[in-house]
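Examination of the molecular architecture
This is what each chain is made of:
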Amino acid sequence: MKVCKFGGTSVATADQIRKVVDIVTSDSDRKIVVVSAPGKRFSDDIKVTDLLIQLGEKALSHENAESELMEVVDRYRAIAEDLGLDGAIVEKIELDLRERLARDKEDKLLFMDTMKAAGEDNNAKLIAEYFKFIGVNAQYVSPREGGLLVNDRPERVRALPEGDERLATLRDRQGIIVFPGFFGYTEDGTLRTFNRGGSDITGSIIAAAVEADLYENFTDVDSVFAANPTVIENPVAIKKMTYREMRELAYAGFSVFHDEALIPAFRKSIPVCIKNTNNPNAPGTLIVKERDYNEQQVIGIAADSGFTAIYVDKYLMNLEIGFGRRLLQILEEEEIPFEHTPSGIDNLSIIIRSRFLSKEKEERIVERIHKELEPDAVIVEHDYSMIVLVGEGMQYTTGLAARAATAIARSGTNIEMINQGSSEVSLVFGVKVQDETKSLKELYNEFFVKSYVKS
Ligand code: ASP
C-alpha cells in the first residue's frame, strides 16, 4: 500500500487535479492521498495559503475582508467549474471560510492556524468530490476524525505517537482516502498547523502509521538534484539517497522535501520517493535507509544564506568549567536555537539563523555575554552562508575534505568556518554570503563534473 502526497502546484488547477486522479487510479496500491492547498499556477501567482494569511490578517485588524475572501473562493470556483462539479461544493467552501472568519480572535495564533488550514481542508473536500464525480470510490477524512494528533505547543507543532493507532485504521477503509495536509488536532480538539510546507509531514506521519510500503511525494520536479538548479545548470539527478543525506540537504536549502517530514518515515523505515506529477513515469528520487556509497561518496551540495556568527574569545576558556553551558544558556533564555558551535582552545563561535536575532536581542545577548562571562572579546558577524557537502561515503573516504577545501580556495573564497559532525555525513563550510555561489559552483565541478579541468 502506498501513501501519496501532492504538493501545491500539483493541485493548483483542474488540469493538475486530473493528473493527480490519473496517477492515483493507475495504481491500486495508492490508497491514501494527502493534498496541499492550491499552490501557484504560474511563477508570480499567489498560493492559496498566502491568500488565507492575508485574509486572516485583515480580519484580525477588523478591516473589511470581503474582497480577500472572494479571491480565495474564486480560486476554488475556477477549479470546481473547470472540473465540471456543480456549485454546491463552492457554496460549501464559502460557508466554511465565513464560519472560520467569524470565530473568536482573541488567540491570534489559533485564529490564524484555523484560517491557514482552510486551504488544504477545502481542497481535500473538493478533490474527494471530484473522485466521486467520476465514479471512483473515495472519501474525505478530516485529521480530527482520522486521528492526526499534535502537541499543544503552537510555536513548535509536532505529531504525537498517541494518534498512530487510530491513523493506522485508515488502512482498513474502503476506497481512496483524501486527507488534507498541514494540520492536526490537540487532545482537547484545538486545531494546529505545522510550519510552512507541512503537508509533507502529514503524508509521512500517515505513511508511518499505516506502515505503507512506500510514501510517494509528488511535486513539480523529476527528482532531487545534486545542487540547486537555479545556480548550477542541469545538475545531476539523485536516484537514491539515505534519510540522513536528505535531512542534511533539506536543512541547507533543498526545499523539495520538508526536513521535518523525514522523521516519521525514517523511524519506521518507510521508503520515500520524490516524484513529478507532470512526469509520473520518471523514476524520481528514492530515499531509503542505506545505499551503496561506493558508487557516489558525495550525493549533493547545498548552500543556504542568512546565518550570523557570535564569536567569543577568552584566555584560558578551556579551563573554565561551565563556560560553554552558560553561553548557550543565554541563547536558550533568549529562545534562539543554534546550528553549529565551532571552537578553539580559547574561543567559541555560535552560528545561528539570523532570522531569530532582532537588533534588540543581539544587543542584549552581547551585553549579557560581557557581563556574565567576562570574555576578552565578543564579535557578531552577519551575512554568512553555509555550504554543506553531503554524502554517506564521506566517512570512509580519505582526502575528501582536502579536495573540498582546495576547490573552495580555487574559487578565491576564504573559508570562515569548517564543521564536520561526528556522524560524518556532511561537511559544512561557512563562507561570506558574496562567496556562496562561486564556492558552490567550484565544489560541484570538483565532485560531479568528471571532465572538469582545474585551473
Ligand atoms: N499550504 C501550506 C504551505 O503553503 C502547506 C503545504 O503546502 O505543504 O505552506
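Here's a quick rundown of the structure. Since we're looking at a predicted model, the values are computed, not measured. Each chain has its residues counted from 1, following the order in which its sequence is written. A pLDDT threshold of at least 70 governs which residues receive local features in this predicted model, and a stricter bar of 80 or more applies before side-chain atom pairs are shown or counted, although totals over entire chains, interfaces and linings include all residues. Excluding hydrogens and water, the side-chain values take into account all heavy atoms of the structure.

**Looking at the environment of Thr202**
Runs of H or I in DSSP of at least four residues are treated as helices and runs of E of at least two as strands, each being numbered from the N terminus. Mapping Thr202 onto the fold places it in helix α8 (residues 199–209). Remark: exposure states derive from per-residue accessible area (1.4 Å probe, protein chains only) relative to the maximum for the residue type, with buried under 20%, exposed over 50%, and partly exposed in between. Owing to a relative accessible area of 0%, Thr202 belongs among the buried residues under this scheme. Sequence separation between Thr202 and Asp435 is 233 residues, and the spatial gap between their C-alpha atoms is 37 Å. We call two residues contacting when some pair of their heavy atoms lies within 4.5 Å. Not counting chain neighbours up to four residues away, the residues in contact with Thr202 comprise Val34, Leu148, Phe179, Pro180, Gly181, Phe182, Phe183 and Phe194.

**Section: the side chain of Ser223**
Structurally, Ser223 is set in the loop between β7 (214–219) and β8 (224–225). Residue contacts for Ser223: discarding those within four places in its chain leaves Ala237, Ile238, Gly284 and Thr285.

**Things to note about the packing of helix α11 (residues 323–333) against helix α12 (residues 359–373)**
In the contact formed by α11 and α12, the axes pass within 11 Å of each other and the chain directions differ by 150 degrees. On the basis of their axis angle, the class for α11 and α12 is roughly antiparallel. In this structure, the crossing between α11 and α12 has a hand that is right-handed. When α11 is examined against α12, the residues Phe323, Arg326, Leu327, Ile330, Leu331 and Glu333 are found in contact with a partner set consisting of Ile365, Arg368, Ile369, Glu372 and Leu373. What counts as an axis is a line fitted to C-alpha atoms, over the stretch in contact for a helix, and the angles between N-to-C directions run from 0 to 180 degrees. In what follows, roughly perpendicular refers to angles from 65 to 115 degrees, roughly parallel to angles under 35, roughly antiparallel to angles over 145, and oblique to any angle outside these ranges. Should the near helix be turned anticlockwise from the far one by less than a right angle, the crossing is left-handed, and should it be turned clockwise, the crossing is right-handed.

**A look at the sheet that holds strand β13 (residues 300–313)**
Across a sheet, strands are paired by hydrogen bonds formed along the backbone, either parallel or antiparallel in direction. Pairing between strands requires that DSSP locate at least two bridges from one strand to the other. Ordered by their spatial adjacency, 5 strands build an open sheet running β14-β13-β15-β17-β16, and the pairing between neighbours is antiparallel. Looking at strand neighbours, the two that pair on one side only are β14 (347–353) and β16 (417–420), the edges of this open sheet. Within the sheet, the average angular offset between the axes of one strand and its neighbour, ignoring direction, is 35 degrees. Against the sheet, α11 makes contact with β13 and β14, and its axis sits at roughly 25 degrees relative to β14, the strand it touches most.

**Focus: the site of the ligand**
As a structural note, the neighbourhood of the ligand is formed by Ser36, Lys47, Thr49, Glu120, Phe182, Arg196, Gly197, Gly198 and Ser199. Any pair of N or O atoms that falls within 3.5 Å is considered a polar contact. Within protein, one atom must be able to donate a hydrogen and the other to accept it, and sequence-neighbouring residues count only if both atoms are side-chain atoms. Here a nitrogen atom of the ligand sits 2.7 Å away from a polar atom, N or O, in the side chain of Thr49. Contacts to the ligand include Ser199, whose backbone N or O atom sits 3.0 Å from an oxygen atom. Only the protein chains shown count as cover for residues, and all accessible areas are computed by the Shrake-Rupley method using a 1.4 Å probe. When the free accessible area of the ligand is taken as 260 Å², the share hidden by the protein chains comes to 93%. Side-chain classes are defined by residue name, with Ala, Val, Leu, Ile, Met, Phe, Trp, Tyr, Cys and Pro counting as nonpolar, Asp, Glu, Lys and Arg as charged, and the others, Gly among them, as polar. When the residues that make up the shell around the ligand are grouped by side-chain class, the tally is 1 nonpolar, 5 polar and 3 charged. One heavy atom within 4 Å of a molecule or strand is enough for the residue carrying it to be called near that molecule or strand.

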